[in-house]
Amino acid sequence: MYRLAYYDTLTKLPNRAFFEKKVSKMLKEAEESGEKMALLYFDIDDFKNVNEILGHKIGDELLKHIVNIINTFVKPPNFCARLSGDEFVIVLKKIIDKDLIIKDVEDFLMEIKKPWNFEGNEFFITVSMGIAVYPEDGRDLESLYKNVDASVHHVKSRGKDGYEFYDFNMQEKTLKRISMINSLRIAIENKEFTLYYQPQIELQTGKIKGMEALIRWFHPKKGHIPPDQFIPLAEEVGYIRQIDQWVIETACKQKKLWNEKGYNFGKISVNISSKMLVQEDFVGILKNTLNECGLEYSELEIEITETAIIYDLDSVIKIIEQLRGIGVSIALDDFGTGYSSLTYLKKLPINVLKIDREFIQSIINNNEEEFIVKSVIKLAHNLKLQVIAEGVETMEQATFLKEDGCQVGQGYLFSKAVPPEEIEKLFSSGKII
Ligand code: C2E
Ligand code: CA
Ligand code: CA
């Protein structure tokens, strides 16, 4: 009876009732002894997808896998409880200082991030964790719980996968976020965006092979806000489709204009969020846009990131096939930073692989990275993919890449992303052909 009332049957961990009872008692003890305690709450990122897409059986196995890790890290008098579904809370007693638990928390999260092998498949798991400390973040369970919740939300709002200690500035940060969402809505209405372009250079000849469109937001008061700061937010709050649609239209019109002016180069490349890609009838909408702009389908390249596609692999594959069917080219962006599973690479019918700039920037003087880049180029060629190296900043890097058979480079060595007028100057100066 006791086990049924206080323990979870699937994972054998204490349940919520146990947790509440035990923590109230611990808090009283801590008050008397003057000791500190910490509450670490976490849940599994996108667990809902695991259950919905992979099924409850795998969901249950995943929970057990997580609990095995918990059990190797959490020893009495500390304990962990499963509050519900994928929600866990770890209680640490007698902590001296919060800095001292950071290392343990980081080790724990690292362990969870190691790929989980189940029935021949590899899964990549991350969690979002919030931490509140007694007594500074709350003297009773209710306030600790409220604050731990605020910190988890914080982790989620900046893209999940990580941990955060509660701090009283969080309220302020939440307000900032709300104001940013507002500004973004106004920016869409008032058309505060522009597109800059960055050339992609054929390394053997120095010719422009393509041009990537990169969005720029100049806010009337806040000035330039980099895309990394608002694109993820736009994805989260549902504005990204409008933005991506505007980018496609603007880039295609620009390309058409350049064609007319006689500035000829291969393809214009746009970054597309996975939310846009899986939108109903994306291919139809895209065809309309291209027709309206009078651009050939084969003049457009779409860049997608691999992190974005793993949960919806099958539908993404279908969409990519349709795109290729009409002649639109597909590049896999940021290769090497996300899941980078070779399985995806084989399954995705893409044309181009873009090696992330993190790798390119460490190829000189780092044998390991050098080896990775060489291998990726080889692999891509075997899969009949074209390779673009991102973030090429030095001649040395360009030479290395050229020698290893990488066809195209993009980066500050050739040009930053610049307004269309600057691109035209590049063309007429003859610096770039
Ligand atoms: P990305 O697609 O990987 O774009 C490349 C980023 O690297 C750009 O930053 C570019 O300015 C920068 N870069 C280019 N060459 C170099 C170099 O040699 N060294 C270094 N250190 N950096 C270089 P940016 O423009 O800030 O864009 C950041 C990210 O924002 C992009 O990464 C992309 O994921 C997203 N983004 C940008 N424009 C759009 C857009 O129009 N739509 C969507 N959905 N996302 C966009
Ligand atoms: Ca890109
Ligand atoms: Ca990239």
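With an unreviewed UniProt entry as reference, the protein is termed Diguanylate cyclase (GGDEF) domain-containing protein, source organism Clostridium malenominatum.

## Brief notes about the overall build of the protein
When you go through the protein residue by residue, the secondary structure sums to 17 helices and 16 strands. Taking all 433 residues of the protein together, 48% fall into the buried category. The contacts of the protein with a sequence gap of at least 6 include a subset with a gap of at least 24, amounting to 67%. Entry remark: accessible area of the protein is about 21,900 Å², with carbon and sulfur atoms responsible for 51%. Across the protein, the 55 positively charged side chains and the 67 negatively charged ones have centroids separated by 1 Å.

## Comments concerning the packing of aromatic side chains
Considering all chains together, one arrives at 20 aromatic pairs under this definition. Geometrically, the ring pair formed by Tyr2 and Tyr6 is tilted, given 4.9 Å between the ring centres and 50° between the ring planes. One end of the pair is Tyr2 and the other is Tyr6, both in helix H1 (residues 2-6) and four residues apart, which spans about a single turn. Overall, the relative accessible area of 17% leaves Tyr6 in the buried class. An aromatic cluster of three or more residues is present, and its members are Tyr2, Tyr6, Tyr7, Phe18 and Phe79. The ring of Tyr7 carries the charged tip of Arg3 above its face, separated from the ring centre by 4.5 Å. The cationic tip of Lys255 hangs over the ring face of Phe265; the distance from NZ or CZ to the ring centre is 3.9 Å.

## Describing the domain arrangement of the protein
For the protein, the assigned domains are domain 1 (2-166) and domain 2 (179-429). A C-alpha centroid distance of 38 Å is found between domain 1 and domain 2.

## Digging into the coordination of the calcium ion (ligand 3)
Around the calcium ion (ligand 3), the protein contributes the donor atoms Asp333 (OD), Asp334 (OD), Glu390 (OE) and Glu390 (OE), which lie 2.1 to 2.6 Å from the metal centre. If you look at the calcium ion (ligand 3) and the calcium ion (ligand 2), they sit 4.0 Å from each other and are both ligated by Asp333. With Asp333 in strand E13 (residues 329-335) and Glu390 in the loop between strand E15 (386-389) and helix H16 (395-403), this pair connects stretches of sequence that are 57 residues apart. Across the pair, exposure class does not vary: Asp333 and Glu390 are buried alike.

## With respect to the packing of helix H4 (residues 56-73) against helix H5 (residues 99-113)
It is at 10 Å that the axes of H4 and H5 come closest, and there the two elements cross at 150°. By the criterion of interaxial angle, the relationship of H4 to H5 is roughly antiparallel. Here the hand of the crossing between H4 and H5 comes out right-handed. Across the interface between the two elements, Ile66, Ile69, Ile70 and Phe73 from H4 touch Asp104, Asp107, Phe108, Glu111 and Ile112 from H5.

## Concerning the nonpolar core
The biggest cluster of nonpolar side chains holds 79 residues, and the ones touching the most others in it are Phe282, Ile302, Leu323 and Leu401. Among the elements that make up this core, the one with the highest residue count is helix H9 (residues 240-261) (seven residues). When neighbours within four sequence positions are excluded, Leu401 is seen to be in contact with Leu203, Ile360, Ile363, Val373, Ile377, Ala389, Val392 and Cys406. Among the nonpolar cores identified, the runner-up in size contains 34 residues, and Val67, Ile69, Ile70 and Val105 belong to it.

## Remarks on the site of ligand 1
Taken together, the neighbourhood of ligand 1 is formed by 21 residues, with Gln198, Arg216, Arg357, Glu393 and Tyr412 sitting nearest. Against a free-state accessible area of 800 Å², the protein chains account for coverage of 86% of ligand 1. Breaking the shell around ligand 1 down by element, the ones donating at least two residues are strand E9 (208-219), helix H8 (227-237), H9, E13 and helix H14 (357-361). Take the shell around ligand 1: its biggest share by element is four residues, from E9. Taken together, the residues that form the shell around ligand 1 break down as seven nonpolar, five polar and nine charged.

## Some words on the environment of Tyr197
Within the secondary structure, Tyr197 is located in strand E8 (residues 193-202). For Tyr197, a relative accessible area of 1% translates into the label buried. Sequence separation of Tyr197 and Thr394 is 197 residues, and the distance between their C-alpha atoms is 20 Å.

## Description of the coordination of the calcium ion (ligand 2)
Around the calcium ion (ligand 2), the protein contributes the donor atoms Glu212 (OE), Asn271 (OD1), Glu303 (OE) and Asp333 (OD), at 2.1 to 2.4 Å from the metal centre. Mapped onto the polypeptide sequence, the residues donating to the calcium ion (ligand 2) form the spacing pattern E-x58-N-x31-E-x29-D.

## As for unusual backbone geometry
Cis peptide bonds are those with omega within 30 degrees of zero, and the linkage from Pro76 to Pro77 qualifies with 10°. A positive phi angle, close to 55°, is found at Asp46, a residue other than glycine. Here Lys384, not a glycine, exhibits a phi torsion of approximately 65°, which is positive. Of note, Lys384 is situated in the loop between helix H15 (367-382) and E15.

## Overview of the UniProt feature "domain: GGDEF" (unreviewed entry) in the protein
Taken from the UniProt record, the annotation "domain: GGDEF" (unreviewed entry) applies to residues 35-168. The span residues 35-168 is 43% helix and 31% strand, and its two end C-alpha atoms sit 21 Å from each other.

## Concerning the pairing of E13
Remark: a regular strand shows side chains that alternate across the two faces of the sheet. The buried count for E13 comes to six of seven residues, which makes it a mostly enclosed element. Sheet analysis places strand E12 (residues 300-305) next to E13, joined by five bridges and oriented parallel. What sits directly across from Ile302, in E13, is Ile330.

## With respect to the pairing of E15
Pairing of strand E14 (residues 352-355) with E15 involves four bridges; the strand directions are parallel. Each residue of the ladder has a partner; that of Lys354, found in E15, is Ile388. In the sheet, E15 pairs with strand E16 (residues 408-409) via two bridges, with the strands oriented parallel. Pairing of Ile388 across the sheet is with Val408, part of E16. Where the polypeptide runs from E15 across H16 and back to E16, its parallel neighbour, the crossover connection is right-handed.

What counts as what
- Residues numbered from 1 in each chain as written.
- Chains lettered and ligands numbered in written order.
- Predicted model: local features only at pLDDT ≥ 70, side-chain atom pairs only at ≥ 80, totals over all residues.
- Heavy atoms only, no water.
- Helix = DSSP H or I, 4+ residues; strand = E, 2+ residues; numbered from the N terminus.
- Buried < 20%, exposed > 50% of the residue type's maximum accessible area, 1.4 Å probe, protein only.
- Contact = heavy atoms within 4.5 Å.
- Areas by Shrake-Rupley, 256 points an atom, 1.4 Å probe, with all protein chains shown as cover.
- Lys, Arg positive; Asp, Glu negative; His and termini not counted.
- Charge placed at Lys NZ, Arg CZ, Asp CG, Glu CD.
- Phe/Tyr/Trp six-rings, centres within 6.5 Å; stacked < 30°, edge-to-face > 60°.
- Lys NZ or Arg CZ within 6 Å of the ring centre and 35° of its normal.
- Domains from an automatic or database assignment.
- Donors = N, O, S within 2.8 Å, 3.2 Å for Na, K, Ca; no water.
- Axes fitted to C-alpha atoms, helices over the stretch in contact; angles between N-to-C directions.
- Parallel < 35°, antiparallel > 145°, perpendicular 65-115°, else oblique.
- Left-handed = near helix turned anticlockwise from the far one by under 90°.
- Core = buried A, V, L, I, M, F, W, Y, C linked by side-chain atoms within 4.5 Å.
- Near = heavy atom within 4 Å.
- Nonpolar A, V, L, I, M, F, W, Y, C, P; charged D, E, K, R; others polar.
- UniProt positions renumbered as here; feature names shortened; annotations may be inferred.
- Pairing = 2+ DSSP bridges.
- Right-handed = clockwise from strand over helix to strand, strands pointing away.

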